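A closer look at the structure
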Amino acid sequence: MQYIIIIISAIFVNNIVLAQFLGICPFLGVSKKTSTAVGMAGAVAFVMTLATIVTYLIQRNILEPLNVAYLQTISFILVIAALVQLVEIILKKVSPALYQALGVFLPLITTNCAILGVAILTIQKDFNLMEGVVFAISTAIGFGLALVIFAGLREHLDLMNVPKGLKGTPIALITAGILAMAFMGFSGIV
Amino acid sequence: MAKRESNFINMLLTLFAVTFIASASLGLVNEMTRDAIKNANIKAQQKAIAAVLPKFDKLGKSFKIPPKGETDSLELFPALDANGNVVGTAVKTYTNKGFSGHFELMVGFTPDGTISGYQVLQHQETPGLGSKMGEWFRNKDKPKQDIIGKNPGKVNFTVSKDGGDIDAITAATISSRAFLDAVRRAYNTWKNETDATSGSTPQKDDQTKGGNS
Amino acid sequence: MSQMKNFTKGFLKENPVFVLLLGMCPTLGVTSSAINGMGMGLATTFVLVMANLVVSLVKSGIPDKVRIPSFIVIIATFVTIVQLLMQAYLPSLYESLGLFIPLIVVNCIVLGRAEAFASKNTVWSSILDGLGMGLGFTFALILLGSVREFLGSGKIFGLVIYPENYGSLIFVLAPGAFIALGYLIAIINKLKKA
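One structure accompanies this document, and this report is about it. Keep in mind it's a predicted model, so treat the numbers as computed, not measured. For every chain, the first residue of the written sequence is number 1, and numbering continues from 1 along that sequence. Think of it this way: whatever chain is written first is A, whatever ligand is written first is 1, and the rest follow in order. Whole-chain, interface and lining totals are the exception, using all residues; otherwise, since this is a predicted model, local features are given only for residues with pLDDT of at least 70 and side-chain atom pairs are given and counted only at 80 or more. Side-chain numbers come from the whole structure's heavy atoms, not from hydrogens or water.

What follows covers the overall build of chain B. By definition, any uninterrupted DSSP run of H or I lasting at least four residues is a helix, any uninterrupted run of E lasting at least two residues is a strand, and each is numbered from the N terminus. Scanning chain B for helices and strands turns up four helices and six strands. The classification of residues rests on relative accessible area computed with a 1.4 Å probe and restricted to protein chains. Under 20% of the type maximum is buried, over 50% is exposed, and intermediate values are partly exposed. Going through the 213 residues of chain B one by one, you find that 41% of them count as buried. Put simply, of all contacts in chain B between residues at least 6 apart along the chain, 45% involve residues at least 24 apart. Where accessible areas are quoted, they stem from the Shrake-Rupley method and a 1.4 Å probe; at the residue level, only the protein chains shown are allowed to cover. By element, 55% of the accessible surface of chain B is carried by carbon and sulfur atoms, the whole surface being about 12000 Å². Any two residues having at least one pair of non-hydrogen atoms within 4.5 Å are treated as being in contact.

Together, Lys164 and Lys167 of chain A together with Lys5, Lys13, Lys190, Lys192 and Lys193 of chain C give the surface a local cluster of positive charge. For the positive patch, the element with the most residues is helix H8 (residues 174-193) of chain C, which contributes three residues. With respect to the helices and strands, lysine 192 of chain C occurs in helix H8. Each patch is built from residues lacking any salt bridge and having more than 30% relative accessible area; the joining distance is 9 Å for like charges and 5 Å for nonpolar side chains (Val, Leu, Ile, Met, Phe, Trp, Tyr). For this analysis, a salt bridge means a side-chain nitrogen from Lys or Arg found within 4 Å of a carboxyl oxygen belonging to Asp or Glu. For the purpose of charge, His is not counted, nor are the chain termini; Lys and Arg are scored as positive and Asp and Glu as negative. Note on charges: their place is set at NZ of Lys, CZ of Arg, CG of Asp or CD of Glu.

The subject of this paragraph is the interface of chain A and chain C. Listed by partner, the interface residues are 35 residues for chain A and 34 residues for chain C. Both sides together, the interface formed by chain A and chain C hides about 3000 Å², and carbon and sulfur atoms give 87% of it. Contact with chain C buries area across many residues of chain A, yet Phe21, Thr111 and Leu173 of chain A alone supply 21% of it, more than any other trio. Counting the contacts that link chain A with chain C gives zero salt bridges. What qualifies as a polar contact is a pair of N or O atoms within 3.5 Å, subject to a donor-acceptor requirement within protein and to the restriction that residues adjacent in sequence count only when both atoms come from side chains. The interface formed by chain A and chain C contains one residue pair in polar contact (both at pLDDT 80 or more). If you list the elements that add at least two residues to the side of chain A that touches chain C, you get helix H2 (24-29), helix H4 (72-94), helix H6 (113-124) and helix H8 (169-184) of chain A. No other element matches H8 of chain A, which puts nine residues into the side of chain A that touches chain C. Residue polarity is assigned by list, with Asp, Glu, Lys and Arg as charged and Ala, Val, Leu, Ile, Met, Phe, Trp, Tyr, Cys and Pro as nonpolar; anything else, Gly included, falls into the polar class. Broken down by class, the residue content of the side of chain A that touches chain C amounts to 25 nonpolar, 10 polar and no charged. A simple way to read buried area is as the amount of 1.4 Å-probe accessible surface that goes missing from two parts once joined, with both sides added.

Before going further, it helps to spend a moment on the environment of isoleucine 185 of chain C. Tracing the sequence through the fold places isoleucine 185 of chain C in helix H8. Separated by 166 residues in the primary sequence, isoleucine 185 of chain C and valine 19 of chain C have C-alpha atoms spaced 8.0 Å apart. In this view, isoleucine 185 of chain C contacts Thr169, Pro170 and Leu173 of chain A together with Phe18 and Leu21 of chain C; residues no more than four positions away in its chain are not counted.

Once that is clear, we can look at the pattern of salt bridges. All names here are of chain B. Tallied over the full model, the rule gives 10 salt bridges over all chains. Measuring nitrogen to oxygen at the nearest pair gives 3.9 Å for the salt bridge that ties aspartate 181 to arginine 184. Taken together, the residues span about one helical turn, with aspartate 181 and arginine 184 both in helix H3 (residues 173-198) at a distance of three residues. Taking the relative accessible area as the measure of exposure, arginine 184 reaches 30% and is therefore partly exposed. Close ionic contact of lysine 191 with aspartate 195 constitutes a salt bridge, the shortest N to O distance being 3.2 Å.

Contacts between the two partners involve 25 residues from chain C and, on the opposite side, 25 residues from chain B. Buried area between chain C and chain B, both sides added, is near 2200 Å², and the carbon and sulfur share of it is 75%. For chain C, the biggest contributors to the area lost against chain B are Ser60, Pro63 and Leu84 of chain C; these three give 22% of the whole. Across the chain C-chain B interface, the total number found is zero salt bridges. At the boundary of chain C and chain B, one finds zero residue pairs in polar contact (both at pLDDT 80 or more). Counting only elements with at least two residues in the side of chain C that touches chain B, the list comes to helix H4 (67-89) and helix H5 (91-97) of chain C. When residues in the side of chain C that touches chain B are grouped by element, the largest group, 12 residues, is from H4 of chain C.

Right, let's talk about the packing of aromatic side chains for a bit. Aromatic rings from Phe, Tyr and Trp, taking only the six-membered ring of Trp, are treated as a pair when their centres fall within 6.5 Å; an angle between ring planes under 30 degrees marks them as stacked, one over 60 as edge-to-face, and anything in between as tilted. This model, assessed by the stated rule, comprises 11 aromatic pairs over all chains. An angle of 45° between the planes, with centres 5.8 Å apart, marks the rings of phenylalanine 21 of chain A and phenylalanine 178 of chain C as tilted. In this pair, phenylalanine 21 of chain A is assigned in the loop between helix H1 (2-13) and H2 and phenylalanine 178 of chain C in helix H8, connecting two distinct chains. The buried category is assigned to phenylalanine 178 of chain C, whose relative accessible area is 0%. Ring centres of tyrosine 187 of chain B and tryptophan 190 of chain B lie 5.9 Å apart, and the angle between their planes is 40°; on these two criteria the pair is classed as tilted.

So, about the nonpolar core. For this analysis, a nonpolar core means a set of buried residues of the types Ala, Val, Leu, Ile, Met, Phe, Trp, Tyr and Cys, connected via side-chain atoms within 4.5 Å. Among the nonpolar cores identified, the biggest contains 123 residues, and Leu18, Ile24, Phe27 and Ile109 of chain A together with Phe178 and Leu181 of chain C are the most heavily contacted of them. Ranked by residue count, the leading element in this core is H4 of chain C, at 13 residues. If we ignore the near neighbours within four places in the chain, the residues touching isoleucine 24 of chain A are Val17 of chain A together with Met24, Cys25, Leu28 and Phe178 of chain C. Grouped together as the second largest cluster of nonpolar side chains are 31 residues, Ile65, Tyr94, Ile169 and Ala186 of chain B included.

This part is about H4 of chain C. Residue pairs three or four apart in sequence face the same way in an α-helix, which turns once every 3.6 residues. Here the expected span of a helix is defined as 1.5 Å times the quantity of residues minus one. Compared with an ideal rise of 1.5 Å per residue, which puts 23 residues at 33 Å, H4 of chain C spans 33 Å between its outermost C-alpha atoms and is within 8% of the ideal. For H4 of chain C, the buried fraction is high: 17 of the 23 residues fall into the buried class.

In this description, a disulfide is simply a cysteine sulfur pair whose atoms lie within 2.5 Å. Counted by the stated rule, this structure contains one disulfide over all chains. The disulfide that involves cysteine 113 of chain A links it to cysteine 25 of chain C, with 2.3 Å between the sulfurs. Residues cysteine 113 of chain A and cysteine 25 of chain C share a disulfide whose torsion about the S-S bond is about 80°; that sign makes it right-handed. Highlighted residues: cysteine 113 of chain A in helix H6 and cysteine 25 of chain C in helix H2 (residues 24-29), drawn from two different chains.

Here it is as structure tokens:
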């Protein structure tokens, strides 16, 4: 039962992008085409889940026993940076097309606040390893959901008659705001 | 400016040196701020206790008790007057059912179980909605919301929507339910503890009286 | 460019939030009130200046292939220092900013300036660049924070301008952040053209 609440909460109610403001840079940057959005969401999901597992283990088995909790920020970000390097190498070999499409955004996954945010939130919410993994995967699904919906909206926006001052980023942000409002409707579920 | 050559040894040494210096400086700053952080936390706690209880002269020894059937303990802070009598007990309680999960409250009870005050300690409830619980439940103009002066042993401390006697925050029913959950947890734990410790005293007095006549 | 221009570019011409569109996460996340925006802005400015300073100092000693991880460690160190200092001396601000303090380490502005500027310029220029960008960021956060706080709860920096009941709560919540920022960028774009 607990897992269902974590899943619904992470995907809809407390959506990482639309409610918690994490992962905005790729959200605004990669969401111009639905295909790239899906690829980005996949890469993020992979790094997010792995990062949560590794950082959790480091927190519980190294940082806490040695009483060096203040090294959390440094160790977590180093783990994430290393994992992104790994994903880059794997992606280059397995799917060079996707690697090209994601371009500069791939190394930028390191600075994706969502990944570091989820790692820290898992510790803050006192999840155990299994709950943390479920949380990470659900958050990644929520991220992907927001990204893909937004990409679809933006593809439409490109074909519309937007007032000159609002063209580009402003209208994208306003649309994101309306999308966020829609997601607020989920708050009664949990 | 020419950079050092990117061979393996240089890279390894650099990373090692940077991380070492970083960790050392952090260890230093951590030491410097450790006491200040501890004091800041203690001060905040003292302030919360004073805010929820009637006037007292000194604090008795605090202790931790897990609520029935649960593993996370609540902390109870008895407050005494100059003669050592308990004038109130502050209970640091929590709930995990908030809109954003876990949050903590400090609730003050007078010896008969009436709530003398409360303060929200830390929470991540929605600003403008759940976060209103800091002020909502002490509104003197709205007796159906006000919990100060009410006794959870005599009043039904659940939201009116669920058949209880307390009005929830408009549009923030989940936070309100969680808030009352934390208050009930505090009351039940405090009540069990008070009943357990005061159970034996009245009988002793009776026996002494009986012996004299 | 002259040092004066170097310092002031962060405010309008190359404002990290409104023009470069960097550092979006904290911009949207902590600006539910002006004071939170200011606190976050100043904390980030501290990290920016210190990180730029150190990176500029050691830039010739770091092999090219490991410069990003090294920069990240340097930045993370200063972020942790800010965290500890806030926890000790500004506990209520620490509570309100919450998760976003450690997230300064992934604020694209900080790594971006270290990589684009500090690793290629003198120490003094880097300090000014960090200071200018940081203060420009703070300015943006205070602006957005004030707008959201005013529209949402009738206050600015805690001073009541009109009763809270007439405020549009939506601006304090997530959707309002996106919308307010969208309109602010549109207005600033218009002003820049004029």
